[in-house]
Amino acid sequence: DSLDEVQTKANQAEKTKSRLTMELEDTSIELDRVKNDLASMEKKQRKVDQMVSEWKAKYDQETAKNEGLVRELQKVSTDQMNLKNANGDLTDELEAVKRQVKSLQAENSELAEQLEGGGKQTHEIEKLRRKLEAENEE
């Protein structure tokens with residue numbers, strides 16, 4: 001009996017050994033597959049990291065450009081406001097000059113009329129003087 005029991009236990013141990021050997025081989029195959037998957041994923045992760053790095057560099061570059069454009073826009077806006085104020089001042093000066101020109105034209109016309117009147121009077125006085133001289137000579 002005891003030999004049969006030992007034989008049975010030996011057979012069971014052999015079966016268990018075979019089963020465990022097969023499980024070990026399956027586990028080794030699964031481990032190799034997982035290692036390959038991990039290597040593939042690590043490679044993909046490096047590519048993603050590289051893309052993220054490139055996009056970050058582009059983002060930083062565009063942010064710097066944007067900041068420069070904002071500063072330039074602020075400067076242009078300030079220049080525009082200054083030019084608008086200067087234009088308003090020049091428009092006011094132009095209106096004042098136009099009023100002055102109009103006033104001077106009116107004064108000039110008035111003086112020209114007076115000069116014409118004075119010229120007529122001078123001419124009339126000259127006529128009268130000649131007439132009187134002519135009368136004196138007679």
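Up top is the structure these notes are about.
Report follows, based on the coordinates. (Residues numbered from 1 in each chain as written. Predicted model: local features only at pLDDT ≥ 70, side-chain atom pairs only at ≥ 80, totals over all residues. Heavy atoms only, no water.)

Considering the overall build of the chain
Point 1. The number of helices and strands found in the chain is one helix and zero strands.
Point 2. Its C-alpha atoms give the chain a radius of gyration of 58 Å, clearly above 14 Å, the size a compact globule of 138 residues would have.
Point 3. Summarising its shape, the C-alpha atoms of the chain cover approximately 195 × 20 × 15 Å along the three principal directions.
Point 4. Counting all 138 residues of the chain, 0% fall into the buried class.
Point 5. Here the chain displays about 13200 Å² of accessible surface, and carbon together with sulfur accounts for 55% of that area.
Point 6. The averaged location of the 32 negative side-chain charges in the chain is 5 Å from the averaged location of its 24 positive side-chain charges. (Helix = DSSP H or I, 4+ residues; strand = E, 2+ residues; numbered from the N terminus. Rg over C-alpha atoms; globule rule 2.2 N^0.38 Å. Buried < 20%, exposed > 50% of the residue type's maximum accessible area, 1.4 Å probe, protein only. Areas by Shrake-Rupley, 256 points an atom, 1.4 Å probe, with all protein chains shown as cover. Lys, Arg positive; Asp, Glu negative; His and termini not counted. Charge placed at Lys NZ, Arg CZ, Asp CG, Glu CD.)

Observations regarding the pattern of salt bridges
Point 1. What the rule picks out here adds up to nine salt bridges.
Point 2. For Asp79, the salt bridge is made with Lys75, and the minimal N-O distance between the two is 3.2 Å. Taken together, the positions of Asp79 and Lys75, both in helix 1 (residues 2-137) and four residues apart, correspond to about one turn of that helix.
Point 3. The class for Lys75 is exposed, based on a relative accessible area of 53%.
Point 4. Arg129 is the partner of Glu126 in a salt bridge, and the nearest nitrogen-oxygen pair spans 2.3 Å. Of this pair, Glu126 and Arg129 are both found in helix 1, three residues apart, which corresponds to roughly one turn of the helix.
Point 5. Judged by relative accessible area, Glu126 falls into the partly exposed class, the value being 26%.
Point 6. Where salt bridges share partners, they join Glu126, Arg129, Arg130 and Glu133 into one cluster. (Salt bridge = Lys/Arg side-chain N within 4 Å of Asp/Glu carboxyl O.)

Side note on a negative patch on the surface
Point 1. Together, Asp89, Asp92, Glu93 and Glu95 line one region of the surface with negative charge.
Point 2. Relative to the assigned elements, Glu95 resides in helix 1.
Point 3. Taking the relative accessible area as the measure of exposure, Glu95 reaches 36% and is therefore partly exposed. (Patch = residues over 30% accessible without salt bridge, like charges linked within 9 Å, V, L, I, M, F, W, Y side chains within 5 Å.)

Details of a positive patch on the surface
Point 1. Residues Lys43, Lys44, Arg46 and Lys47 make up a contiguous surface patch of positive charge.
Point 2. Within the secondary structure, Arg46 is located in helix 1.

With respect to the environment of Thr21
Point 1. As for its position among the elements, Thr21 is in helix 1.
Point 2. By relative accessible area, which is 34% here, Thr21 ends up partly exposed.
Point 3. Sequence spacing of Thr21 and Asn82 is 61 residues, and the spatial spacing of their C-alpha atoms is 89 Å.

Thoughts on the packing of aromatic side chains
Point 1. Taken as a whole and assessed by the stated rule, the structure comprises zero aromatic pairs.
Point 2. Against the face of Trp55 rests Lys58, its NZ or CZ located 4.8 Å from the ring centre. (Phe/Tyr/Trp six-rings, centres within 6.5 Å; stacked < 30°, edge-to-face > 60°. Lys NZ or Arg CZ within 6 Å of the ring centre and 35° of its normal.)

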